[in-house]
Amino acid sequence: YERHTFRYNDAVSGLRMMLWGLFKKVVIADRLALLTDPVFNHPHDYPALTLVIATIFFTYQIYCDFSGYSDIAIGSARVMGFKLMRNFNRPYAAESISEFWSRWHISLSTWFRDYLYIPLGGNRVAVPRWFFNLFFVFLVSGFWHGANWTFLIWGMLHGTYLIVAIVKDKAKEKYMGAKPDKNKPVSVVDVGITFALAAVAWVFFRANTVTDACYIIGRLPYAISDVWHIVRAHDISFLKIWKIQQFDSVLKLAGTFALIAFLEASQYIQEHYKFLSQLAVRPFYYRWAIYYTLIFIILFFGVFENRQFIYFQF
């Protein structure tokens, strides 16, 4: 019922967001899929080090895939004058699982909070019921993704993570008198632990069967021996046993990790220095140099095979 008129600034902002979303989707997510798909489809054929790298890569693949097309959707809506809510906010910079879920798929997370968690009583109930509410919401979230044990276990894992974190914080507060400090500096250790927990849960989300997921997770610790073999023998050709043409050299592997580092650095700069807001007031040649650079990277380094978005199946 609202009247929407064309606004130049909204159109520019929307197109910029669409360009960034396309970069995340075809340059990062689909490139990562070149490794994650064969490894997760046949996990028994690969060494532990490959399983670790594939797990890390899928963690970023699903993020870039989903947040990429969310940016495209939000940006295209903004071009037409509609303001939609932000759907992702650097989830892998979270210091806890609860913070992770305040940053990941925000639209769905808030929907579950408003229409399931709060009607169940939220945290304004007895502690056992509170824990049940949390666990049940994430169980339903897993079931929402599909009637498959892998999705259900993924949801139950996140529910368990939250309950364990609450118990730990309450015990810490009771016996050590330590209360959460919102003003404390970011803990790299906490971010790393949260990332690892999310990555392990993503294994169940991506694996074809529960058996495959358990095998992958069980093999992850053995990656240390693979690394030791490479260091001791000075034999980087060990990586070729991946049998994956797109990642048959250390240079290609390093380039993929560089893309992930570029993604994180870009998001950090935008969050802390408001790069896009500053870009809008820069001279046109400065802005367009960045736009054309991104377009060039998308055209020459993007993966344009016939792929679907991961979340189209849900």
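Presented here is an overview of the structure given in this document.

### Notes on the side chain of Thr 36
Logical step 1: Within the secondary structure layout, Thr 36 lies in helix 1 (residues 8-41).
Logical step 2: A relative accessible area of 0% means that Thr 36 is categorised as buried.
Logical step 3: In this structure, Thr 36 is in contact with Ala 54, Phe 57, Phe 58, Gln 61 and Arg 206, ignoring residues within four places of it in sequence.

### A short note on helix 5 (residues 127-145)
Logical step 1: For helix 5, with 19 residues, the first-to-last C-alpha span of 28 Å sits near the 27 Å given by 1.5 Å per residue.
Logical step 2: Listed in full, the buried residues belonging to helix 5 are Trp 130, Phe 131, Asn 133, Leu 134, Val 137, Phe 138, Ser 141, Gly 142 and His 145. What you see down the axis of helix 5 is that its buried residues fit within an arc of 165°, all on one side. Exposed positions of helix 5 whose direction lies more than 90 degrees from the buried face are Pro 128 and Phe 143.
Logical step 3: Against helix 3 (97-103), helix 4 (106-117), helix 6 (149-176) and helix 7 (188-206) lie the buried residues of helix 5.
Logical step 4: Just beyond helix 5, the residue with positive phi is Gly 146, at close to 155°.

### Some thoughts on the packing of aromatic side chains
Between two aromatic rings, the relevant description is the distance of the centres plus the angle of the planes.
Logical step 1: Counted under the stated rule, the structure contains 35 aromatic pairs.
Logical step 2: Arranged with centres 5.7 Å apart and planes meeting at 45°, the rings of Trp 288 and Tyr 292 form a pair that is tilted. Here Trp 288 and its partner Tyr 292 are both found in helix 12 (residues 284-301), 4 residues apart, which amounts to about one turn of the helix.
Logical step 3: Its guanidinium or amino end placed over the ring of Tyr 222, Arg 219 lies 4.9 Å from that ring's centre, counting from NZ or CZ.

### Some thoughts on the nonpolar core
Logical step 1: Membership of the largest hydrophobic core comes to 69 residues, with the highest contact counts inside it found for Ile 62, Tyr 92, Phe 100, Trp 104, Trp 202, Phe 205 and Tyr 311.
Logical step 2: If one sorts the elements of this core by residue count, helix 2 (residues 48-79) sits on top with 13 residues.

### Comments concerning the pattern of salt bridges
Logical step 1: All chains considered together, the criterion is met by 8 salt bridges.
Logical step 2: Close ionic contact of Lys 83 with Asp 10 constitutes a salt bridge, the shortest N to O distance being 4.0 Å. Of this pair, Lys 83 sits in the loop between helix 2 and helix 3 while Asp 10 sits in helix 1; the two residues are 73 residues apart in sequence, bridging distant segments of the chain.
Logical step 3: Owing to a relative accessible area of 57%, Lys 83 belongs among the exposed residues under this scheme.
Logical step 4: The residue Arg 103 makes a salt bridge to Glu 99 at a minimum N-O spacing of 3.0 Å. Of this pair, Arg 103 and Glu 99 both sit in helix 3, separated by 4 residues, roughly a single helical turn.

### A few points about unusual backbone geometry
Residues other than glycine predominantly adopt negative phi, and peptide bonds predominantly adopt the trans conformation.
Logical step 1: Even without glycine at this site, Arg 90 takes up a positive phi of about 45°.
Logical step 2: The exposure class assigned to Arg 90 is buried, which follows from its relative accessible area of 14%.
Logical step 3: Of note, the phi angle at Lys 274 is positive, near 50°, even though the residue is not glycine.
Logical step 4: Tracing the backbone through its elements, the reader meets Lys 274 in the loop between helix 10 (250-273) and helix 11 (275-279).

### Some points on the packing of helix 2 against helix 7
Logical step 1: Direction vectors running N to C along helix 2 and helix 7 enclose 85°, while the axes themselves pass 9 Å from each other. Considering the angle they form, helix 2 stands roughly perpendicular to helix 7. Touching Thr 55, Ile 56, Phe 58, Thr 59, Tyr 60 and Ile 62 of helix 2 are Phe 195, Ala 199, Trp 202, Val 203, Phe 205 and Arg 206, all from helix 7.
Logical step 2: Of the residues in the contact of helix 2 with helix 7, the class split is 9 nonpolar, 2 polar and 1 charged.

What counts and what doesn't
- Residues numbered from 1 in each chain as written.
- Predicted model: local features only at pLDDT ≥ 70, side-chain atom pairs only at ≥ 80, totals over all residues.
- Heavy atoms only, no water.
- Helix = DSSP H or I, 4+ residues; strand = E, 2+ residues; numbered from the N terminus.
- Buried < 20%, exposed > 50% of the residue type's maximum accessible area, 1.4 Å probe, protein only.
- Contact = heavy atoms within 4.5 Å.
- Expected span 1.5 Å × (residues − 1).
- Arc of directions from axis to C-beta.
- Phe/Tyr/Trp six-rings, centres within 6.5 Å; stacked < 30°, edge-to-face > 60°.
- Lys NZ or Arg CZ within 6 Å of the ring centre and 35° of its normal.
- Core = buried A, V, L, I, M, F, W, Y, C linked by side-chain atoms within 4.5 Å.
- Salt bridge = Lys/Arg side-chain N within 4 Å of Asp/Glu carboxyl O.
- Axes fitted to C-alpha atoms, helices over the stretch in contact; angles between N-to-C directions.
- Parallel < 35°, antiparallel > 145°, perpendicular 65-115°, else oblique.
- Nonpolar A, V, L, I, M, F, W, Y, C, P; charged D, E, K, R; others polar.

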